[in-house]
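The residues making up each chain are set out below.
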Amino acid sequence: MRTTPRIAAALTALFLISASANAALLSRAGGQAYYDTDLNVTWLANANLAAGSIYDDGASPTDGRMTWASAQSWIGSLNGANYLGVNNWQTPEANAACTGYACPSSDLYHLFYVEGINDAAPSPFSNVGGGYYWSDDAFSSPGSAHVFNLDNVFGGQQGQFAKNTSTFAWAW
């Protein structure tokens, strides 16, 4: 009986089909952005584009860290300028009901765990900071917002910070 080669062929075909269904990060705007086929969003290629801008109000004027309000103002400036021909930039969405390591519906969770993006493995992105990034979602407390850590050693968790804390912001 020759069912083993047929089963092997069928399994190989199934593997190839499922492998081709995986998400991809596709270059857009001359490499200034990447379209995530899984999330259906386009990320800025530079994960720290705001570094050195007037919105960079962290410990250093060039570190890219900013308060939540400054991050939202920076997003507003991108939209007002129609940056890269886009006027609906936002910071990533978080899983509003979750804190810790198991928050799979978070956009940054997807980049960290599915795409393997962190500060030590940023490709195809640039300037991924080793630390927390603001989300678009305010926490249940009016003075807090969700953050996600992209540090390659201690990263992968979602939490909350006071909105007056300075951390990174990334746009999609």
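See the structure printed just above.
Chains are numbered independently. Their residues run from 1 in the order of the written sequence. In keeping with the predicted nature of the model, local features appear solely for residues at pLDDT of at least 70, side-chain atom pairs appear and are counted solely at 80 or more, and the whole-chain, interface and lining totals rest on all residues. The side-chain figures draw on all heavy atoms in the structure; neither hydrogens nor water molecules are used.

1. Structural notes on the sheet that holds strand β4 (residues 132-138)
Logical step 1: By the convention used here, strands pair only if DSSP detects at least 2 bridges between them. For helices the rule is a DSSP run of H or I covering at least 4 residues; for strands it is a run of E covering at least 2, with both sets numbered from the N terminus onward. Sheet architecture is open: three strands sit in the order β4-β5-β6, paired in antiparallel fashion. A strand with exactly one partner marks an edge of an open sheet, and here the two such strands are β4 and β6 (158-162). Each adjacent strand pair in this sheet contributes to an overall mean axis angle of 40°, direction not counted.
Logical step 2: As paired elements, β4 and strand β5 (residues 144-149) share four bridges and run antiparallel to each other. Looking at the pairing, Trp134 lines up with Val147 of β5.
Logical step 3: When checking whether two residues touch, look at their non-hydrogen atoms; a contact exists if any pair is within 4.5 Å. In this analysis an axis means a line fitted to C-alpha atoms, helices contributing only their contacting stretch, and an angle means the value between N-to-C directions, from 0 to 180 degrees. In the packing of helix α2 (residues 68-80) onto the sheet, contacts are made with β4 and β5, and the angle to β4 comes to roughly 80°.
Logical step 4: Lying on the sheet, helix α3 (residues 107-114) is in contact with β4 and β5; it crosses β5 at an angle near 10°.

2. What to know about the state of the cysteines
Logical step 1: Cysteine sulfurs are considered disulfide-paired once they come within 2.5 Å of each other. All chains considered together, the criterion is met by one disulfide.
Logical step 2: Covalent S-S linkage joins Cys98 and Cys103, the inter-sulfur distance amounting to 2.0 Å. An S-S torsion of about -80° defines the bridge between Cys98 and Cys103 as left-handed. With respect to class, Cys98 is no different from Cys103; both count as buried. Buried residues are those whose accessible area, probed at 1.4 Å on protein chains only, stays under 20% of the maximum for their type, while exposed residues exceed 50% and partly exposed ones sit between those limits.

3. Digging into α2
Logical step 1: A rise of 1.5 Å per residue sets the reference length of α2, with its 13 residues, at 18 Å; its end C-alpha atoms lie 18 Å apart and thus fit the reference within 8%.
Logical step 2: The complete set of buried residues in α2 reads Trp68, Ser70, Ala71, Trp74, Ile75, Leu78 and Asn79.
Logical step 3: On the buried face of α2, the contacting elements are β3 (41-44), β4 and β5.
Logical step 4: Positioned one or two residues after α2, Asn82 has a phi angle of 55°, which is positive. A helix's residues, less one, multiplied by 1.5 Å, set its expected span.

4. Description of the sheet that holds strand β2 (residues 33-36)
Logical step 1: Ordered by their spatial adjacency, three strands build an open sheet running β1-β2-β3, and the pairing between neighbours is antiparallel. Edge positions in the open sheet fall to β1 (25-28) and β3, since each of these has one partner strand only. Neighbour to neighbour, the strand axes of the sheet diverge by 35° on average, direction disregarded.

5. Section: the pattern of salt bridges
Logical step 1: For salt bridges, the criterion is a side-chain nitrogen of Lys or Arg within 4 Å of an Asp or Glu carboxyl oxygen. Enumeration according to the criterion identifies one salt bridge in this entry.
Logical step 2: As a salt-bridge pair, Asp63 and Arg65 come within 3.9 Å of each other at their nearest N and O atoms.
Logical step 3: Relative accessible area serves as the criterion here: at 28%, Arg65 is assigned to the partly exposed category.

6. A word on the environment of Asn152
Logical step 1: Within the fold, Asn152 resides in the loop between β5 and β6.
Logical step 2: When near neighbours in sequence (up to four residues on either side) are disregarded, Asn152 contacts Asn118, Asp119 and Ala120.

7. Overview of the side chain of Ser135
Logical step 1: For Ser135, the position within the fold is in strand β4.
Logical step 2: Residue Ser135 is classed as buried on the basis of its relative accessible area of 4%.
Logical step 3: Contacts of Ser135, omitting those with residues within four sequence positions, involve Trp68, Gln72, Thr91, Pro92, Ala94 and His146.

8. Comments concerning α3
Side chains that are three or four residues apart share a direction in an α-helix, a result of its 3.6 residues per turn.
Logical step 1: Extensive coverage of α3 is indicated by the burial of six of its eight residues.
Logical step 2: Side-chain atoms alone can form a polar contact between residues adjacent in sequence; in general such a contact is a pair of N or O atoms within 3.5 Å, and within protein one must be able to donate a hydrogen while the other accepts it. One side-chain oxygen of the residue at the start of α3 lies 3.4 Å from the amide nitrogen of Leu108, identifying that residue as Ser106.
Logical step 3: Once α3 ends, the next one or two residues include Gly116, with phi positive near 75°.

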